[in-house]
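# Understanding the architecture of this molecule
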Amino acid sequence: MAGNMGMEQLIPIVNKLQDAFTQLGVHMQLDLPQIAVVGGQSAGKSSVLENFVGRDFLPRGSGIVTRRPLILQLINSTLEYGEFLHCKGKKFPDFDEIRREIENETDRMTGSNKGISNIPINLRVYSPNVLNLTLVDLPGMTKVPVGDQPPDIEHQIRSMLFTFVKRDNCLILAVTPANQDLANSDALKISKEVDPEGMRTIGVITKLDLMDEGTDARDILENKLLPLRRGYIGVVNRSQKDIDGRKDIKAALSAERKFFLGHPAYRHMADRLGTPYLQRVLNQQLTNHIRDTLPGLRDKLQKQLLTLEKDVEQFKYFRPDDPAIKTKAMLQMIQQLQSDFERTIEGSGSAQINTNELSGGAKINRLFHERFPFEIVKMEIDEKELRREIAFAIRNIHGIRVGLFTPDMAFEAIVKKQIARLKEPSLKCTDLVVNELSNVVRICTDKMSRYPRLREETERIITSYIRNREQMCKEQLILLVECELAYMNTNHEDFIGFANAQQSSDNSNKTHKLGNQVIRKGWMCIHNLGIMKGGSRDYWFVLMSENISWFKDEEEREKKYMLPLDGLKIKDVEQGFMSRRHTFALFNPEGRNVYKDYKQLELSCETQDDVDSWKASFLRAGVYPEKSSDVSNSDEDGRESSTESTTSMDPVLERQVETIRNLVDSYMKIVTKSCRDLVPKIIMHLIINNSKDFINGELLAHLYASGDQVIYV
């Protein structure tokens, strides 16, 4: 049973490397050449391996039997025994004892609940019946959890298989039973994912004797059906009856040979089928594979050896009490901190990239360009309240006189009130950025965990500096808002001016004719559909400047209804008993039917925020809330008459209110645009860039000033 004798010693050398890596418990950075055995449950993997050895030594039973990778090293020897790496020096001449040890070692790591583990068991078998060969027996693919197995057992097994078969230096022994459709083979499916060209895959077809009468696997074995570069080899294993009856493997191999010679479909290729031929092919393939990968393996080993020798050289003359070494270590840690902080903020690449969430510079960027603008937009203006305030301001400025012209003082009073509201989102943005910077500092100082005092002092110094800069930044942002309040630049090139505002006011009733634009889309629930239709149903709504339509789904293919908005108003509807949804209604103040036979169309959203957002969108479409004079009819301070007067204004006052409203809208667009641009720049300059300069230039001096007890502990 001689194999490729010229390179025969390569396999034992790789075995020694494999044992060394496993025994040391280190991560195997070298991609050692090996053969991984994959297949579905009961595909015959264990029987193939036992046929190689000529002995029964693998656990058997129903469900998942192989629950840990078994690195099986076969070594040609005059004596016959087994050795486990975890039982160093102990020989197992009894192969039944080897089976029990595999079962015990598996249960020790995974328990008895059919769980799995990716920590391998290393078994070395010496026998005159084997060729030098190393295989990794992996758990069979399963679909359904059994017993106490976790629900994701299939995913766990796939992950374990892929850790082995995805390596370029791993040959894949794909075991598939002949009585299963080859297109549904678990083994070939996995090998196809990692080896699409079939360069590393060797196909093994088992259970050829169990195929239906009149069928055979000739096309598969001749590599015609699903071709692989290394081809297919057919074997016949012992049946379960033979195993239970303790049929000798030598007799089984003889019966296998007789089956191939006697079968009309296989007799012409009988010399290229069977377990002995498969073992010879695997020995030759593995030896050749090791020979091909040896140059790259040697280069990797040499590089790792040089790195280790360099590290060892540094510790030859090491003295723990040498202050120069401590100073050097501290300098290296501070330099690492500077580099990590820079890369985290600037996004110039890092060895440990967070793949779960945004962090560092990316999160700050989102705060600047998404969160901060959203906070500004979230300051929704109560359109009705704003118009009421404008009307009061105009009337109070005119006093007892009848105002013929729109007063600019009303515009200034209203605008100042709106500008002052920008202070809160600006300061909130600063708080969020400082919180993220503190997280970045905490992450970057993780590498100082061996020196807790140094880490604590470093965090304290940097955080204190950031807090000081935060206070300066907030003062500048408040100053920015105060500058905007100090002077209303009505000569700004983007400001529409009084003439254009009045023209817009005069044409406000004609705006719908300028174009039916889409204002908002989203899901809402219609409540008054009637009992026969279930009472309520969700629809996809499209709000436009002239009408609102609803559809069955987001595809907008089946339109259910289109409702014109002319003359409609909005009002709140009291929340129903046991209902968690927030409801409002569209209605016609003249009492006409709005939707079919209904006086109002009741709509609801899951949250109050959604309702408020939809109401704001309806305001843009010219649908305003109902009059609220009845709400304040019990006030004793004369507010009833003032409210009624603002909700039913005379035409002159209404035009003046609309003019001021247009002016406020135009000027606030200018101010918010300026704030959205300047606030991130101020934060970037006063906090982030200054903190970066402090860490790079002044941090070390502050640490030295803290004293030796911090630096050298």
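Below is a short write-up of the structure. (Residues numbered from 1 in each chain as written. Predicted model: local features only at pLDDT ≥ 70, side-chain atom pairs only at ≥ 80, totals over all residues. Heavy atoms only, no water.)

## A short note on the sheet that holds strand β15 (residues 582-587)
- A sheet is described by the order of its strands in space; here seven strands give the open sequence β13-β12-β11-β10-β16-β15-β14, paired in antiparallel fashion. The open sheet is flanked by β13 (559-564) and β14 (569-573), the only strands paired with a single partner. Averaged over neighbouring strand pairs, the angle between their axes works out to 35° when direction is ignored.
- Both strand β11 (residues 537-544) and strand β12 (residues 547-551) contribute to a ladder of four bridges, which runs antiparallel. (Pairing = 2+ DSSP bridges. Helix = DSSP H or I, 4+ residues; strand = E, 2+ residues; numbered from the N terminus. Axes fitted to C-alpha atoms, helices over the stretch in contact; angles between N-to-C directions.)

## As for the pattern of salt bridges
- Using the criterion set out here, one finds 26 salt bridges in the structure.
- Across the pair R99 and D96 runs a salt bridge whose closest N-O atoms are separated by 3.1 Å. Within this pair, R99 and its partner D96 are both found in helix α3 (residues 95-110), separated by three residues, close to a single helical turn.
- Judged by its relative accessible area of 25%, D96 falls in the partly exposed class. (Salt bridge = Lys/Arg side-chain N within 4 Å of Asp/Glu carboxyl O. Buried < 20%, exposed > 50% of the residue type's maximum accessible area, 1.4 Å probe, protein only.)

## What to know about the packing of helix α4 (residues 153-165) against helix α5 (residues 186-194)
- Running from N to C, α4 and α5 point in directions that differ by 50°, and their axes come no closer than 11 Å. With respect to their mutual orientation, α4 and α5 come out oblique. Both α4 and α5 take part in a crossing whose hand is right-handed. Of α5, the residues touching α4 (which contributes R158, L161, F162 and V165) are I190, E193 and V194. (Parallel < 35°, antiparallel > 145°, perpendicular 65-115°, else oblique. Left-handed = near helix turned anticlockwise from the far one by under 90°. Contact = heavy atoms within 4.5 Å.)

## Topic: the environment of R167
- As for its position among the elements, R167 is in the loop between α4 and β7 (170-177).
- Among the residues examined, R167 registers a relative accessible area of 25% and is labelled partly exposed.
- Measuring from C-alpha to C-alpha, the distance between R167 and P33 comes to 8.9 Å, with 134 residues separating the pair along the chain.
- Polar side-chain contacts of R167 include one of 3.2 Å to the backbone oxygen of T163. (Polar contact = N/O pair within 3.5 Å; in protein donor to acceptor, adjacent residues only side chain to side chain.)

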